[in-house]
Amino acid sequence: MVFAAPNEALARAQNVLESDPSPWSASVAHQVIGIWQRDWGDLRLALHHLRRGRDLAARSGSADREADVLAALGVALVHAGRTRQGLEALERGVAVSSGHTRARVLFRRAYASWVLGRHREALEDVRRSIPVLRQADDVIWTARALTLRATVHLAVGAVDRADADFTAAEALWDTTGQEHDKADVVESRGLAAFRAGDVPAALRLFDEAEERYDKLGTPSFMLYIRRCEVLMAAGLASEALAEADAAIGMLDGIGGQSTRKAELLLVAARAARVAGDPHTAIARAALAVRLFAGQRRTWWETHARLVMLEARVAAGRRSGRLVGDAAAVAERLAALGAPAASAASLLAGRIALALGWTADAERHLAVAARSRHSGPPLARITGWAAQALRARAAGSGRGVLEACRRGLDVLDDHRMTLGASELRARATAQGAELAALAQQVSLESGGPRRLLTWSERWRATVLSAPPTRPPADPVLQSRLTAFREIAARAEAARTEGRPVPVLEREQRRLEREIRSRTLHMRGDAPGAEERFDVARLLGRLGGTRLVELAVLDGRVQVLLCGDGRVRRFEAGLIAEAEVEAEHVQAGLRRLAHPGADARLPVVEAAGRRLEELLLGPAAAHLGSGPVVVVPPGRLHRVPWALLPSLRDRVLSVSPSASSWLRARETEPPPGGRHVLVRGPGLASGGAEVPELADRYGGATLLEHDDARVPRVLEELDGAALAHIAAHGTFRADSPLFSSLRMADGPIVVHDFERLDRSPYRIILSCCDTARFASVGADELLGLVTALLPLGTAGVVASSAPVNDAAVVSLMLALHKGVSGGLSLAEALRDARAALPGDALHQATGWAFTAFGAA
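What counts and how
Residues numbered from 1 in each chain as written. Predicted model: local features only at pLDDT ≥ 70, side-chain atom pairs only at ≥ 80, totals over all residues. Heavy atoms only, no water. Helix = DSSP H or I, 4+ residues; strand = E, 2+ residues; numbered from the N terminus. Buried < 20%, exposed > 50% of the residue type's maximum accessible area, 1.4 Å probe, protein only. Core = buried A, V, L, I, M, F, W, Y, C linked by side-chain atoms within 4.5 Å. Phe/Tyr/Trp six-rings, centres within 6.5 Å; stacked < 30°, edge-to-face > 60°. Lys NZ or Arg CZ within 6 Å of the ring centre and 35° of its normal. Pairing = 2+ DSSP bridges. Polar contact = N/O pair within 3.5 Å; in protein donor to acceptor, adjacent residues only side chain to side chain. Contact = heavy atoms within 4.5 Å. Axes fitted to C-alpha atoms, helices over the stretch in contact; angles between N-to-C directions. Parallel < 35°, antiparallel > 145°, perpendicular 65-115°, else oblique. Left-handed = near helix turned anticlockwise from the far one by under 90°. Nonpolar A, V, L, I, M, F, W, Y, C, P; charged D, E, K, R; others polar.

A.B. asks: Honestly, the side chain of histidine 180 in this entry has me stumped. Any pointers?
C.D. replies: By the secondary structure assignment, histidine 180 is in helix α10 (residues 179-195). We classify histidine 180 as buried; its relative accessible area is 10%.

A.B. asks: Which parts of the structure should I look at to understand the nonpolar core?
C.D. replies: One recurring pattern in soluble globular proteins is that nonpolar side chains are buried together. Counting 129 residues, the largest nonpolar core has Leu264 and Cys404 as its most contacted members. For this core, the leading source of residues is helix α12 (residues 221-233), giving ten residues. If you look at the next biggest cluster of nonpolar residues, it comprises 97 residues, including Val556, Val712, Leu764 and Ala847.

A.B. asks: Help me understand the packing of aromatic side chains in this model?
C.D. replies: For any pair of aromatic rings, the description rests on two quantities: the centre-to-centre distance and the angle between the ring planes. Across all of its chains, the model carries six aromatic pairs by this definition. Here phenylalanine 3 and tryptophan 40 contribute two aromatic rings whose centre-to-centre distance is 5.9 Å and whose plane-to-plane angle is 70°, an arrangement assigned as edge-to-face. Of this pair, phenylalanine 3 sits in the segment before α1 (6-17) while tryptophan 40 sits in helix α2 (residues 23-40), and the two are 37 residues apart along the sequence. Tryptophan 40 shares its class with phenylalanine 3; the two are buried. For the pair tryptophan 36 and tryptophan 40, a centre-to-centre distance of 6.2 Å together with 75° between the ring planes defines the contact as edge-to-face. Here tryptophan 36 and its partner tryptophan 40 are both found in helix α2, four residues apart, which amounts to about one turn of the helix. There is no split in this pair, since tryptophan 36 and tryptophan 40 are both buried. Clustering of aromatic rings is evident, with ring pairs tying together Phe3, Trp36 and Trp40. The aromatic ring of tryptophan 24 is capped on one face by arginine 65, whose charged end is 5.6 Å from the ring centroid. Residue placement shows arginine 144 over the ring face of tryptophan 141; its charged tip is 4.8 Å from the ring centre.

A.B. asks: What should I look at first to understand the pairing of strand β3 (residues 565-573) in this one?
C.D. replies: Moving residue by residue along a regular strand, the side chains alternate between the two faces of the sheet. Judged from the seven bridges that link them, strand β2 (residues 555-562) and β3 form a sheet pairing that is antiparallel. From the neighbouring strand, leucine 559 faces β3, where its bridge partner is arginine 568. If you look at the hairpin formed by β2 and β3, you'll find two residues sitting between the two strands, and aspartate 563 has a positive phi there, around 55°.

A.B. asks: Sorry, what's going on with unusual backbone geometry here?
C.D. replies: Note: most residues except glycine have negative phi, and most peptide bonds are trans. Phi at arginine 296 takes a positive value of approximately 60°, unusual for a residue other than glycine. Along the chain, arginine 296 falls in the loop between α15 (278-294) and α16 (298-314). Unlike most non-glycine residues, histidine 704 shows phi in positive territory, near 55°. With respect to the secondary-structure elements, histidine 704 resides in the loop between β7 (700-703) and α31 (709-716).

A.B. asks: Looking at this structure, how should I read the side chain of asparagine 803?
C.D. replies: When you line up the elements, asparagine 803 lands in the loop between β15 (794-798) and α34 (804-819). Of note is the side chain of asparagine 803, whose polar atom sits 3.1 Å from the backbone nitrogen of alanine 805. Leave out the neighbours within four places in its chain, and asparagine 803 touches Ala592, Pro594, Leu840 and Thr844.

A.B. asks: Hey, could you run me through the packing of α12 against helix α14 (residues 258-274) in this one?
C.D. replies: Describing two packed helices takes the angle between their axes plus the distance from one axis to the other. Two numbers describe how α12 lies on α14: the axes approach to 10 Å, and their chain directions differ by 15°. Looking at the two axes, α12 sits roughly parallel to α14. Between α12 and α14 lies a crossing of left-handed hand. For the pair α12 and α14, contact is made by Phe221, Met222, Tyr224, Ile225, Cys228, Glu229 and Met232 and by Arg260, Glu263, Leu264, Val267, Arg270, Ala271 and Val274, respectively. Looking at the contact of α12 with α14 residue by residue, the classes come out as ten nonpolar, no polar and four charged.

Keep in mind these numbers describe shape, not what the thing actually does.
If you want it as structure tokens, here you go:
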């Protein structure tokens, strides 16, 4: 009962002890309390009750009763880090038991071996126990043994065997009332899905398991560990670190299992390393190594040593000793049958290459490269990275490019299994090294065309295909509706000066639930994506120049496309450009307020410096026609119209050349519907909207109570032109909750992703609608990038705070050009020129950018 209804079992056991029980019955009661405390409470109390149960079992004269308590005590001692004592208790349990009871004790010893990373011993014991348990028709313990055997198979990479055992175990669990065990097998299936490369299914199953555990009131620290692993694979390392640290605090608070604490420290170390915090990773890994060593858990200790070495290298350390240490870890992991052995060999090879030890590097990289043909996607990507480094060391540019191509193909297939655009974006970080290697080789020997091709290969890949449409999920819809209501109430309370902590907590809870359900979405089956073709781009450009900026070794490389050729120019340092861009943003914020005219020359001077750093000598070769700028994600906040050579041009910005081509070739929808939306609370009152309603006679006007999210989404779907005047909020912490404020609350990116087709052209007249979060390799998450893959060919939006009154003038001038047949970029150029020459209006014009090609 302790795994069917844990809290009820605990209460009954306490009642038994209050009723003057026999030694046999008292032994059972103490064992139940001990198991409950061992798995969900204070380990010191668990040991007290299990030792008392053992002593009472000996008094009862039942050898099988004593063996059963000894098995539970042995597991608890192992979890407490007292490995020798735990194994001795389990050995004695095996020795004094027989038949059916011995099979249960063998199962517990197998479990302890799995905890210790002794997988061969675990498999041997569980194989011995299963036939006896089946013969005794012991459904519950047979299912437990099958679940454990499947978990051990996963640990050594035997995914197919694990699947077979999980399927058999689940069929047995369905016939029982063991609710905790059922939750555990759902959790284990999530782990199997992850090992097979299905991240959305893993997250869905982990969330289902958590719901089951919550109903039982029993936390599962193993679930936290496994979910952290999946979050890291999905590119959510910072979230994984926060979850692991929170679980460690919770575990410490209840005096829980030392073994689980060590495992949580290890996963926290991994997460910190992936999140770019090597010093935190070193500290967490060092503590994990000490705990694992004290617990005699060689498998785990070796993995922790690997993470510690990776973090030291990430912190800038290179030495011959590190090569030797990484090689020793690789050998130990290979001897243990651990899939991570290839990662350790890759690390040894990297360090050897950095030291110039080419022979040693080749030896280690050759071992790591073996994983490129089999295993889960991330292991194969590791193998192709090793193969690319081998080719690089051997001076084979062709070999580098082939390995990079193959590795990025694996990543593309993996990425397309992910339905959520956030996961697709973050997953690209796994291919950053491959793309950088290919670009470096292209720069050295391949010419500008090849460099452009490889720059496009990994740039804005999330925009290459629409995100998977959210399914008709009534729970998701109800959560979005509740989120809007809570957000609107919180905004009203802030306006009135009332405290909102309760509403904010509820809003964050709903955000977590919405995000969780969207991350469960599985992507469409991988298909043949259209590859970027330089000749096709050059043919479509006509008199337009496309300027793609690539960053190699910290310096900006300008690829100028036009007149049938691609030319390369070298510009400044990216770090200096990023600092200058922040200065410009600060200047534009000040110029958005009257009386800041003295800042105008300072901002203009910063624009000149930005041009030198970002365009360099290419600025003199832009010709006289339109210009498309394709910046890297790190430069998404640059107001490009401020650069002197771009200021008076027809200028548009695109996340990639491929994205610009798709926008250029996107046909407007039939019917030419125009939709005008005015949200609440604007300082200007959205004064341009009534005038635009007069200009576009048959336009749909949504304002006041008509500007509610369901109606707005309905009208936006398939529109030719949409103008939305509404307060915009950018969420750096959760970019897909960036929003526009409607009458009934915010409309968020998740809402736009439900459209069958977003409007062909969208004009967003509010602040900060063109702000993005840079994630993954070179991806951007935000409102504009959500719209571009959904059928929108052109967007006008602002990357900085703007003056509401000045925006009205700009928008009216912009629509004059649009209604006259100009593209968004042409109309924005003319609208800037039509504004008054004061600092307020100039800054407003610079803050707005045309994206796409419509």
